[in-house]
Structures are given as C-alpha cells and as structure tokens.
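Chain by chain, the residues:
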Amino acid sequence: KRNIIIEITASDLFSNTNAFLTAREMLQKNGYRICLDGLDYLAFQQLDRASLGFDLAKIMWNAEIDKGLPESLTEAIEKCGRNRLILSRCDNAQAVEYGKSLGLSLFQGRYLDRVVDPESVIIN
C-alpha cells in the first residue's frame with residue numbers, strides 16, 4: 001500500500017472546522033494521512049495537533065523566523081513533534097540549516113528542488 005498524504009490548507013480548517021474534522025476522519029479511516037499546509041509561525045503556535053488530529057504540519061520559512069524564536073514557538077514545535085513538522089518554502093540553504101538547528105528533518109522548497117535535480121527548470 002502506498003503512503004498517501006492529503007494536504008489541507010489552514011484557511012480551509014479555519015473557515016469550516018466541522019467540515020475539516022469530518023473530512024479528516026473519513027480520510028484517515030481510509031488510510032490517508034493529513035498534512036495541514038499554509039501555516040506561518042504565528043498560526044502554527046495556535047494549533048494543537050493532537051486535538052485536531054492532523055498527522056503532519058507545514059510551517060512556512062521566512063527570514064523573520066531566523067531573528068530569534070519566541071519560546072512559545074519552540075514549545076509548539078516540541079508539542080507537535082519535530083518528526084511531524086515540514087519546513088516549507090526553503091528557497092536557500094539558510095532555511096534548511098536553520099530547520100536542522102531546530103531538529104527538523106523534513107523540508108520542501110525550491111532550494112531542495114535544485115539540489116535534487118540541478119537541471120530542472122523552475123516555472124513561477
């Protein structure tokens with residue numbers, strides 16, 4: 001069986017929490033995992049993965065994060081679980097190195113696309 005992860009945006013969660021919970025339950029019951037996408041570091045701190053039941057979360061990298069994490073974000077990362085957090089929008093090595101310094105091991109972004117396939121053409 002393939003491991004399939006369904007991404008649901010945070011805006012969908014916030015616009016209709018009951019629909020999110022229903023969809024999450026149905027999808028997980030059928031063996032899919034749920035990734036909550038589109039979180040900035042401020043919104044991420046407000047969410048409780050255990051009570052909402054999502055499997056993974058994507059927090060968007062930006063240079064502000066590197067200016068010093070508030071203790072509340074560090075606590076939120078611990079609570080979510082480092083192995084359940086993806087640092088997205090990693091467009092340079094600085095983002096990946098910073099994520100590693102937080103103990104993260106899951107990354108997504110254009111920098112990684114270039115590392116994996118230097119010949120690829122990024123459109124957008």
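Quick summary incoming for the structure in this document. These numbers come from a predicted model, not from an experiment. (Residues numbered from 1 in each chain as written. Predicted model: local features only at pLDDT ≥ 70, side-chain atom pairs only at ≥ 80, totals over all residues. Heavy atoms only, no water.)

**A closer look at the packing of aromatic side chains**
Next, step 1: The full count for this structure, using the stated rule, is 1 aromatic pair.
Next, step 2: Between Trp61 and Tyr98, the ring centres sit 5.7 Å apart and the planes meet at 55 degrees, which makes this aromatic pair tilted. Highlighted residues: Trp61 in the loop between strand 3 (56–60) and helix 5 (71–80) and Tyr98 in helix 6 (residues 93–101), separated in sequence by 37 residues. The same class applies to Trp61 and to Tyr98, which are both buried. (Phe/Tyr/Trp six-rings, centres within 6.5 Å; stacked < 30°, edge-to-face > 60°. Helix = DSSP H or I, 4+ residues; strand = E, 2+ residues; numbered from the N terminus. Buried < 20%, exposed > 50% of the residue type's maximum accessible area, 1.4 Å probe, protein only.)

**A look at unusual backbone geometry**
Note: most peptide bonds trans; most residues except glycine with negative phi.
Next, step 1: Of note in this structure, Arg89 is not a glycine but carries a positive phi near 60 degrees.
Next, step 2: Relative to the helices and strands, Arg89 resides in the loop between strand 4 (85–88) and helix 6.
Next, step 3: In this structure Arg89 comes out as exposed when scored by relative accessible area, which is 53%.

**Quick notes on the nonpolar core**
Next, step 1: Core analysis: the largest hydrophobic core is formed by 29 residues, its most contacted members being Phe20 and Phe44.
Next, step 2: Elements supplying a minimum of two residues to this core: helix 1 (10–15), helix 2 (17–29), strand 2 (33–39), helix 3 (41–44), strand 3, helix 5, strand 4 and helix 6.
Next, step 3: Looking at which element gives the most residues to this core, the answer is helix 5, with 4 residues.
Next, step 4: In this view, Phe20 contacts Ile8, Leu13, Ile34, Leu36, Leu52 and Phe54; residues no more than four positions away in its chain are not counted. (Core = buried A, V, L, I, M, F, W, Y, C linked by side-chain atoms within 4.5 Å. Contact = heavy atoms within 4.5 Å.)

**Focus on the side chain of Arg24**
Next, step 1: The residue Arg24 is located in helix 2 in this model.
Next, step 2: No salt bridge is formed by the buried Arg24. Its closest oppositely charged neighbour is Glu25, at 4.7 Å. (Lys, Arg positive; Asp, Glu negative; His and termini not counted. Salt bridge = Lys/Arg side-chain N within 4 Å of Asp/Glu carboxyl O.)

**Observations concerning the sheet that holds strand 1 (residues 5–9)**
Next, step 1: With parallel pairing, 5 strands are arranged side by side in an open sheet as 1-2-3-4-5. Each having just a single partner strand, strand 1 and strand 5 (106–107) make up the two edges of the open sheet.
Next, step 2: Pairing of strand 4 with strand 5 involves 2 bridges; the strand directions are parallel. Of the residues in strand 5, the one forming a bridge with Ile86 is Leu106. (Pairing = 2+ DSSP bridges.)

**Some remarks on the environment of Val115**
Next, step 1: Here Val115 shows up in helix 7 (residues 110–116).
Next, step 2: Of the residues examined, Val115 reaches a relative accessible area of 49% and is grouped as partly exposed.
Next, step 3: For the pair Val115 and Ser101, spaced 14 residues apart in sequence, the C-alpha separation works out to 19 Å.

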